Amino acid sequence: MQWETPRQLFARSALTSEGWQNNVLLEISSSGTITSITPGSLAPSGVATHPLLLAGMANVHSHAFQRAMAGLTEIASGAGNDNFWSWRQVMYLFKQRLTPQHVEIIAQHLYIELLKQGYTAVGEFHYLHNDASGKPYANPIELSERILAAGKASGIHVSLLPVYYETSNFGGMAANDGQKRFTHRLDDFITLLTALKAKEDTGMNLGIAPHSLRAVSEPSLKALLAALPALGMDNSPVHIHVSEQVKEVDDCIAWSGKRPVQWLLDNAPVNSNWCLIHATHSNPDEVARIAQSKAVVGLCPTTEANLGDGIFPGADFLHHQGRIGIGSDSNVCVSPFEELRQMEYAQRLITKRRTVLCDEKTPSVGRSLYTRAANGGAQAIGLQSGALAVGKRADIIAINTDTPLLADKQEDKLLDTLIMVSQTPPVTHVWVAGNCVVENGHHRLEEQTSTAWKKALKEITA
Ligand code: NGQ
Ligand code: ZN
């Protein structure tokens, strides 16, 4: 599909890598890179004036199919002990009903929603690989291709993170029945990576996701990492769920004598290519070590709240200059602004302080959260984006500031209001690598996609 590529964008105000600038003219190359940023310009004739431009946000962690079960897991079972693990049982049943067509339409619908709310890229932690009986599809990359098709149709950038999954718990325990759509043998997984690597182009980049230390044995994790250079993936993103639940920490200690983050940092070459998803139950030593590794912690505040995970020690991590990104994970929330608000509020509730995730250099909570998550998010999914700067991808959003809450506010106060105050999402335009995919709040496929989504949901829940 051809999207319109403007060569110039003009804004009265823009948050660039140099800070806030006024009357900014941005020029974009035909390949979708920002080639110049000139503050103090006049709007060229025929070029629209946007009130406010920001770098688009990367969503570092999504399980697209879970968008279709949002709201369906909120009725108590009656036993009084609903938790992450009982939610997971429901999710395992739900995913059994999904056909490849369902996977594609759910993802396409989700990606349009993400774009309309201001995300310009998504790290899809993709672990549905097999059919409902656990057999590979005739085309073993069928479901990965469905995700990529959804990305193409929507126009969002997809960083595809195929999941390697083999065990049900630490120490090589066999995968259970609920996990049969996820599992591979290591050589088959490497074949899958080879096939997907050949599809890597401007619209997609490939990483890997060993699911968790629970789901991947130590020898397989090491063999998988050792296979990356031959695949041309030495610098590709590596994402892993780690230390999300207390039970996972306890099980890891029982298996190895170490906590999960500690075990990972001791046994894997964690560096700036890595993204540790959740890392919720990290102790002060682990927090300092993650920051030092330059890995990004992929925080998913709304899902972590929804699933009763706990709260990551964010204040301590920022104090160590730790890098963060945000993920919509189970997709109960599709707004980057709401995700960041929940992140800050969780920190306030646990520290009993205000204005937590910021520092003297960037005292605005909104600006601190936004710039950290945009930069860290781009790093985590391997994209040159996350800031308005020459040489970065033109992943950009425009905000309507002519609303009761935003009018008459400027710069940091504007961003603080956008993030910390609940309001109608004011994103008007979204460009992904320079292509305009949301225009005046509208995506050209939204009506037909929502019709297809409703039909799919009917089939799935029938
Ligand atoms: C997931 N959800 O991969 O969808 C997990 C549950 C698991 C989150 N981690 C499955 N939020 O961890 O085994
Ligand atoms: Zn997850």
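From a predicted model like this one, the values you see are computed outputs, not experimental measurements. (Residues numbered from 1 in each chain as written. Chains lettered and ligands numbered in written order. Predicted model: local features only at pLDDT ≥ 70, side-chain atom pairs only at ≥ 80, totals over all residues. Heavy atoms only, no water.)

Q: Mind showing me how you'd approach the sheet that holds strand β2 (residues 19-28) here?
A: By definition, the strands of a sheet pair up through backbone hydrogen bonds, in either a parallel or an antiparallel sense. Strand order across the open sheet formed by seven strands is β3-β2-β1-β4-β16-β17-β18, with mixed pairing between neighbours. Of all strands in the sheet, those bounded by a partner on one side alone are β3 (34-38) and β18 (435-438). Shown here is a sheet whose adjacent strand axes are inclined to one another by a mean of 35°, direction ignored. (Pairing = 2+ DSSP bridges. Helix = DSSP H or I, 4+ residues; strand = E, 2+ residues; numbered from the N terminus. Axes fitted to C-alpha atoms, helices over the stretch in contact; angles between N-to-C directions.)

Q: How should I be thinking about the packing of aromatic side chains in this particular structure?
A: Aromatic ring pairs are reported here in terms of the distance separating the ring centres and the angle at which the planes meet. All chains considered together, the criterion is met by eleven aromatic pairs. Pairing Y127 with F182 gives two aromatic rings, centres 4.6 Å apart and planes at 80°, and the pair type is edge-to-face. Here Y127, found in the loop between β6 (119-126) and α3 (142-154), pairs with F182, found in the loop between β9 (173-174) and α4 (186-197); they are 55 residues apart in sequence, far enough to count as distant. The class for Y127 is buried, based on a relative accessible area of 4%. Exposure remark for F182: the relative accessible area of 0% places this residue in the buried category. In this structure an aromatic cluster arises from ring pairing among F65, Y92, Y127, Y165 and F182. K247 extends its terminal NZ or CZ atom over the ring of W85, reaching a point 5.2 Å from the ring centre. (Phe/Tyr/Trp six-rings, centres within 6.5 Å; stacked < 30°, edge-to-face > 60°. Buried < 20%, exposed > 50% of the residue type's maximum accessible area, 1.4 Å probe, protein only. Lys NZ or Arg CZ within 6 Å of the ring centre and 35° of its normal.)

Q: So what exactly am I meant to see when it comes to the coordination of the zinc ion (ligand 2) here?
A: In a perfect tetrahedron of four donors around a metal, the angles come out at 109.5 degrees. In a perfect octahedron of six, they are 90 or 180 degrees. For the zinc ion (ligand 2), the full set of protein donor atoms is H61 (NE2), H63 (NE2) and H241 (NE2), at a range of 2.1 Å. Donor residues for the zinc ion (ligand 2) sit on one chain with the sequence pattern H-x1-H-x177-H. Judged by relative accessible area, H61 falls into the buried class, the value being 0%. (Donors = N, O, S within 2.8 Å, 3.2 Å for Na, K, Ca; no water.)

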